[in-house]
Amino acid sequence: MKTLHRFIIWSLLLLFAAFFLLPLYVMLATSLKDMADIRNGNLLSLPSALNFDAWGKAWSTSCTGTDCSGLKPYFFNSLIMIVPAVAISTTLGALNGYVLTKWRFKGSELLFSLMLFGVFMPLQVVLLPMSQVLGWIGLSDSVWGLVCVHVLMGLASTTLFFRNYYIGLPDELIKAAMLDGAGFFRIFWRIVLPLSTPILVVTLIWQFTNIWNDFLFGVVFSGADSKPITVGLNNLANTSSSVKEYNVDMAAAMIAALPTLAVYVLAGKYFVRGLTAGAVKG
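As recorded in an unreviewed UniProt entry, the protein goes by the name Carbohydrate ABC transporter membrane protein 2 (CUT1 family), listed as coming from Sphaerotilus hippei. Regarding the protein, the UniProt comment filed under Sequence similarities (unreviewed entry) reads as follows: "Belongs to the binding-protein-dependent transport system permease family." What UniProt records for the protein under Subcellular location (unreviewed entry) is the sentence "Cell membrane".

*Asks:* Help me get a handle on the overall build of the protein, residues and values and all.
*Replies:* Along the protein, the regular secondary structure elements total 13 helices and zero strands. For the protein, the succession of helices and strands along the chain, N to C, is α-α-α-α-α-α-α-α-α-α-α-α-α. Overall size of the protein, expressed as C-alpha extent along the three principal axes, is 75 × 70 × 30 Å. Within the protein, the fraction of its 282 residues that count as buried is 40%. Carbon and sulfur atoms make up 70% of the accessible area of the protein, which totals about 16000 Å². For the protein, the centre of its 18 positive side-chain charges and the centre of its 13 negative side-chain charges are spaced 13 Å apart.

*Asks:* Can you explain the packing of helix α4 (residues 72–102) against helix α7 (residues 143–166)? Please cite residues and give values.
*Replies:* Across the interface, α4 lies against α7 with an axial gap of 6 Å and an inter-helix angle of 35°. Here α4 runs over α7; the crossing is right-handed.

*Asks:* Outline the UniProt feature "transmembrane region" (unreviewed entry) in the protein, listing residues and values.
*Replies:* Sites flagged by UniProt as "transmembrane region" (unreviewed entry) map to residues 7–28, 74–98, 110–131, 143–166, 187–208 and 250–272. Between the C-alpha atoms that bound residues 7–28 there is a distance of 30 Å. The span itself is 100% helix and 0% strand. Secondary structure within residues 143–166 divides into 100% helix and 0% strand; the distance between the first and last C-alpha atoms comes to 33 Å.

*Asks:* Talk me through the confidence of the model for the protein; I want residue IDs and the actual numbers.
*Replies:* Looking at the protein as a whole, the pLDDT averages 88, with 95% of positions reaching at least 70. By mean pLDDT, helix α13 (residues 246–279) is the weakest element of the protein at 81, and α4 is the strongest at 94.

*Asks:* For the packing of aromatic side chains, give the residues involved together with the corresponding values.
*Replies:* Across all of its chains, the model carries 14 aromatic pairs by this definition. A ring pair is formed by Trp59 and Phe75, whose centres lie 5.4 Å apart and whose planes are at 70°; its orientation type is edge-to-face. Taken together, the residues span a long stretch of sequence, with Trp59 in helix α3 (residues 53–60) and Phe75 in helix α4 at a distance of 16 residues. Given the relative accessible area of 27%, Trp59 is considered partly exposed. In this structure Phe75 comes out as buried when scored by relative accessible area, which is 15%. When the centroid spacing of 5.9 Å and the interplanar angle of 5° are considered together, the rings of Phe208 and Trp212 count as stacked. Placement of the pair is Phe208 and Trp212 together in helix α10 (residues 197–212), with a separation of four residues, close to one helical turn. Residue class for Phe208 comes out buried when judged on its relative accessible area of 17%. One aromatic cluster is present, built from ring pairs that chain together Trp59, Phe75, Phe76, Phe208 and Trp212.

*Asks:* So what's going on with unusual backbone geometry? Which residues, and what values?
*Replies:* In this model, Asp141 sits at a positive phi of 60°, which is unusual for a non-glycine residue. Within the element layout of this structure, Asp141 appears in the loop between α6 (127–136) and α7.

*Asks:* Could you give me a rundown of the state of the cysteines, with the residues and numbers involved?
*Replies:* This model, assessed by the stated rule, comprises one disulfide. Sulfur-sulfur distance for the disulfide between Cys63 and Cys68 comes to 1.9 Å. Here Cys63 and Cys68 share a disulfide; its torsion about the S-S bond, 90°, makes the bridge right-handed.

Procedures and definitions
The numbering scheme is per chain: residues are counted from 1 as the chain's sequence reads. Only residues with pLDDT of at least 70 are given local features in this predicted model, and only at 80 or more are side-chain atom pairs given and counted; all residues enter the totals for whole chains, interfaces and linings. Only hydrogens and water are set aside; all other atoms, that is, all heavy atoms of the structure, feed into the side-chain values. UniProt positions are given in the numbering used here, feature names are shortened, and annotations may be inferred rather than shown by experiment. Put simply, DSSP H or I for four residues or longer makes a helix, DSSP E for two residues or longer makes a strand, and each gets a number counted from the N terminus. Note on exposure labels: buried denotes an accessible area under 20% of the residue type's maximum, exposed denotes more than 50%, and partly exposed covers the range between, all computed with a 1.4 Å probe on protein chains only. With residues, only the protein chains shown are counted as cover, and all accessible areas are computed by Shrake-Rupley using a 1.4 Å probe. Charge assignment: positive for Lys and Arg, negative for Asp and Glu; neither His nor the chain ends contribute. In this description, the location of a charge corresponds to atom NZ of lysine, CZ of arginine, CG of aspartate or CD of glutamate. Axis geometry follows a simple rule: fit a line to the C-alpha atoms, using only the stretch in contact for helices, then measure angles between N-to-C directions, giving values from 0 to 180 degrees. Crossing handedness is read from the near helix: turned anticlockwise from the far helix by less than a right angle, it gives a left-handed crossing, and turned clockwise, a right-handed one. One number per residue, pLDDT, summarises how confident the predictor is, and it ranges from 0 to 100. In this scheme Phe, Tyr and Trp rings, the latter by its six-membered ring, pair at centre separations within 6.5 Å, and the angle between planes marks the pair as stacked below 30 degrees, edge-to-face above 60, and tilted otherwise. By disulfide we mean two sulfur atoms from cysteines, separated by a distance within 2.5 Å.

If you want it as structure tokens, here you go:
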């Protein structure tokens, strides 16, 4: 009976996994087909031969509107944007969580409660005021304007993660370091941060995925030369031509998804460990 139950459970899990991965298979298989394979085959058929022409075209020569330089400039715009945005929002979230748990002050709980509004606030609410602020400081329609937007919008969730994790760190560590003469930043750098590896991984993956996959802020706050990969993918898919090249569209979607897929494949187990180590408790 135990063997039967295990067989049923594994069968269901494999069925659900296959159903979940089916769209990814269709995208990858279609991206490796030529147009003859697409016209003569079906959606689930394998390509007759591996053909990477669609990938090359999606990367460098496909048209996104009137521009026919492919996804390459959009991809590098996202890279330029995501590195400082993830690093700054994670650093500020760690400092906020550290202050709100180990250096509490009068009104700190109220401040944290107000910051939590940012986690649940609809993104559309901030579009108009954010665009006005970016215009005042001269960062509208630029990559650095997008960096500022993602840093500000990510502060609430990164603070929540670190604050809930740091609650579990013993206060005696901080008090002992203070007795030894260590100051605010020295305690954070030498004691708190080395103990933060699980939650750092969670926050980095969370921020990377959210920022890389963002479309709303990218289409609203970017200019002609600062559009991220999601906007480029949308423009490519909606650019009309005489023949719809589905293999190019699927290759472009795979190119846009590769960084986040790579992050989860390489660091997915650390993400789960970080969550169970305190990222969502407290």
